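Chain residues, written in single-letter form:
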Amino acid sequence: MAYNIELANKVRERLAKVPDIEIEEKKMFSGLSFLVNGKMCINISGDNLMCRYHPDIEDEVAEKTGFLPMIMRGKQLKGYCYVEPEGFRKADDFNYWINICLDYNSVAKASKKK
């Protein structure tokens, strides 16, 4: 699946404003992932965001407009979701998603290197 280049640019521009982080872009999850300090932070999948956030805020996040649970092998994967465009059209909403991903990134464990 191709990813929305305009959305990728919007995420790229927003992350570039964050001081003292290392950003790497990598094709993953059939889209474009933004790794922050070596850890997957946020992904562009088609026209949607795929967010990684602290699983403890799952109930809060699930109430947001545009939220879609991430299902893997028939089970919901807590701490990850897709967000449809209506959930991040407004600047405040877009920043909400970026911020929860960045907040969790600072405490998230990095994937094991292969």
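Anything mentioned here points back to the structure above.
Now for a description of the structure that goes with this document. Since this is a predicted model, take the numbers as computed values, not measurements.

To continue, consider the packing of helix α1 (residues 5-16) against helix α3 (residues 91-105). Running from N to C, α1 and α3 cross one another at 60°; their axes reach a closest spacing of 11 Å. The angle between the axes of α1 and α3 places the two elements in the oblique class. Pair α1 / α3 crosses with right-handed handedness. On α3, the residues that touch Leu7, Lys10, Val11, Arg14 and Leu15 of α1 are Phe94, Asn95, Ile98, Asn99 and Leu102. Looking at side-chain class alone, the contact of α1 with α3 contains six nonpolar, two polar and two charged residues.

Turning to α1, a few remarks are in order. The terminal C-alpha atoms of α1 lie 16 Å apart, and with twelve residues this matches the ideal 16 Å at 1.5 Å per residue to within 8%. All buried positions along α1 are accounted for by Leu7, Ala8, Val11, Arg14 and Leu15. In a view along the axis of α1, the buried residues occupy a sector of 130°, so they form one face of it. Residues of α1 that are exposed and point more than 90 degrees away from the buried face comprise Ile5, Glu6, Glu13 and Ala16. Of the surrounding secondary structure, the elements contacted by the buried residues of α1 are β1 (23-28), β2 (31-36), β3 (39-45), β4 (48-52) and α3. You can read the cap of α1 off the contacts: a side-chain oxygen lies 2.9 Å from the backbone nitrogen of glutamate 6, and it is on asparagine 4.

Parameters at a glance
Numbering of residues starts from 1 in each chain and follows the order in which that chain's sequence is written. With pLDDT at 70 or above as the cut-off, local features in this predicted model cover only qualifying residues; side-chain atom pairs require 80 or more to be listed or tallied, and sums for whole chains, interfaces and linings still use all residues. For side-chain calculations, the full set of non-hydrogen atoms in the structure is used, while hydrogens and water are omitted. In this description, a line fitted to the C-alpha atoms serves as the axis of each element, helices being fitted only across the stretch in contact, and the angle between N-to-C directions of two axes falls anywhere from 0 to 180 degrees. Working definition: helices are DSSP H or I runs of at least four residues, strands are E runs of at least two. Numbering for both runs from the N terminus. With respect to orientation, any angle under 35 degrees is reported as roughly parallel, any angle over 145 as roughly antiparallel, any angle of 65 to 115 as roughly perpendicular, and every other angle as oblique. Helix crossings fall into two classes, left-handed where the near helix is turned counterclockwise from the far one by less than a right angle and right-handed where it is turned clockwise. The contact rule is simple, with two residues in contact once any of their heavy atoms fall within 4.5 Å. Classes in brief: Ala, Val, Leu, Ile, Met, Phe, Trp, Tyr, Cys and Pro nonpolar; Asp, Glu, Lys and Arg charged; the others, Gly included, polar. Multiplying 1.5 Å by the helix residue count minus one yields the expected span of that helix. Only protein chains enter the area calculation, which uses a 1.4 Å probe; residues under 20% of their type maximum are buried, those over 50% are exposed, and those in between are partly exposed. Note that the arc is defined by the directions from the helix axis to the C-beta atoms. Polar contacts, as used here, are pairs of N or O atoms within 3.5 Å; protein pairs need one atom able to donate a hydrogen and one able to accept it. Residues neighboring in sequence count only if both atoms are side-chain atoms.

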